[in-house]
Amino acid sequence: MNAPDQHKTEDAFHKLIHDNSIYGLWEIASQMTPHPRPDAIPHIWKAALLESLVQQSATAVPVGDERRAMQLSNPGLSDIWATTSTLVAAVQVLLPGEIARTHRHSPSAIRFIIKGDGAYTAVEGEKVIMHEGDLVLTPNWHWHDHGNETDHMVVWMDGLDVPLTKALNSMFFGMYQVKQHPHDKPVNGSQALYGHGRLSPTWIKESSPYSPLMVYSWEQTQEALFAMRDRDGSPFEGIALEYTHPLTGGPALPTMGCQVQLIRKGEKLKARHVAGSSIFHVKQGSGRSIINGKVFEWGKGDIFVVPSWALHEHANTGAEDAIFFSINDHPAMKKLGFYRELELADNGGYQNVIP
Ligand code: GTQ
Ligand code: FE2
């Protein structure tokens, strides 16, 4: 058989298999990339932009059935409801007197309070009072509503594992029958029970995959960070602390990790890859991160993304200590056996940190 005839036969064969919803491995094997090549790109949303949008949103959009939450959409992803392939972050605004009605969903959610004290998220009817720098949890399928009974605007960053939930075809959502679930539990009750570090109530037997502590106060977080300020910390992350489940020591939520990190004045951290994505909020300070070769200058209030496997390094170039709050998909990645870290070695080659 001569070559042209053979190719004709192969083309016919390809058409035949494609018409029957079949593809050859030889046609698609390049998708087995040597390492992750996410469509999500490194990106930063600057505080000046976010603050201006926050102010404008107050008059431009009411809190209707949906919350006034501006979802940060990764420019590289075709799915607009995604900041990374697994997580979405948003900036939410609640004005004095407003109530965001009670609902629940299978994605887990966190709030990190950016501006304003005294508003609340009620989780299963338990009011959790929010202060700047606090981390508030809304575990998967828990009824929640938000309210602002203060005289000032409150702003927070939301983080949810929406894209992960969608990828796993696990999205469930429901509205509560009435606007607000009865607030019939002690205010900040979870903090009274679980907010005392290593001291846990013995009479409560149940443990859940999510943390029973609904708020991690900034006061405690800051105290912990600065108590460790003189330690070496991580060469990649500085003084980095994970918010943990008080009963298990595991992550606060089963899918989404939350962490805070102190990058000291003058500190320059090392570069590495992580299989898993993160979204950072700059709580204070200023500096520079290089993500996949691109320089991102950051300052207070900025939000930026490190997609999976992007080579990234952070440096504090400012005049004060810098603090990041971040969310990541590492708990999900670890449970599924996908989590990896890879450090760039001094010789320019690679060296495994976690093989
Ligand atoms: O405040 O409950 O940014 O359900 C996205 C979905 C916030 C919320 C978001 C939500 C919420
Ligand atoms: Fe929600």
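Anything mentioned here points back to the structure above.
Residues numbered from 1 in each chain as written. Chains lettered and ligands numbered in written order. Predicted model: local features only at pLDDT ≥ 70, side-chain atom pairs only at ≥ 80, totals over all residues. Heavy atoms only, no water.

## As for the sheet that holds strand E9 (residues 144-147)
As a reminder, the rule being used: When DSSP finds two or more bridges between two strands, those strands count as paired. Helix and strand definitions follow DSSP, with helices as H or I runs of at least four residues and strands as E runs of at least two, each counted in order from the N terminus. Working convention: axes come from line fits to C-alpha atoms, limited for helices to the stretch in contact. Angles between N-to-C directions cover 0 to 180 degrees.
The five strands lie next to each other as E7-E6-E9-E4-E11, forming an open sheet whose pairing is antiparallel. Each having just a single partner strand, strand E7 (126-129) and strand E11 (173-175) make up the two edges of the open sheet. Pairwise comparison of adjacent strand axes, ignoring direction, gives a mean angle of 25° for this sheet. Bridge count between strand E4 (residues 99-105) and E11: three bridges; the pairing is antiparallel. Across the sheet, the residue bridging to Arg-104 is Gly-174, located in E11.

## As for the coordination of the iron ion (ligand 2)
What counts, and what does not: Each metal's donors are the N, O and S atoms found within 2.8 Å of it, except that Na, K and Ca use a 3.2 Å limit; water is left out, so coordination can look incomplete. For the exposure calls, accessible area comes from a 1.4 Å probe over protein chains only, and a residue counts as buried if that area is under 20% of its type's maximum, exposed if over 50%, partly exposed in between.
Donor atoms from the polypeptide that coordinate the iron ion (ligand 2) comprise His-103 (NE2), His-105 (NE2) and His-144 (NE2), at 2.1 Å from the metal. Each donor residue of the iron ion (ligand 2) belongs to the same chain, with the gaps between them written as H-x1-H-x38-H. Here His-105 is found in strand E4, whereas its partner His-144 is found in strand E9, with 39 residues between them in sequence. Note on accessibility: His-105 and His-144 belong to one class, buried.

## Describing the site of ligand 1
Going by this rule: By convention in these notes, a residue is near a molecule or strand provided one of its non-hydrogen atoms lies within 4 Å of it. What qualifies as a polar contact is a pair of N or O atoms within 3.5 Å, subject to a donor-acceptor requirement within protein and to the restriction that residues adjacent in sequence count only when both atoms come from side chains. Per-residue accessibility takes into account occlusion by the displayed protein chains alone, with areas from the Shrake-Rupley method and a 1.4 Å probe.
Around ligand 1, the surrounding shell consists of Arg-67, Ala-69, Gln-71, Ala-90, Gln-92, His-103, His-105, Arg-111, His-144, His-146, Asp-158 and Leu-160. Within the side chain of Arg-67, an N or O atom sits 3.0 Å from an oxygen atom of ligand 1. Between Gln-71 and ligand 1, the recorded distance is 2.9 Å, taken from a side-chain N or O atom to an oxygen atom. For ligand 1, whose accessible area on its own is 290 Å², the fraction buried by protein is 95%.

In short, the description is geometric, and any link to function would need to be established separately.
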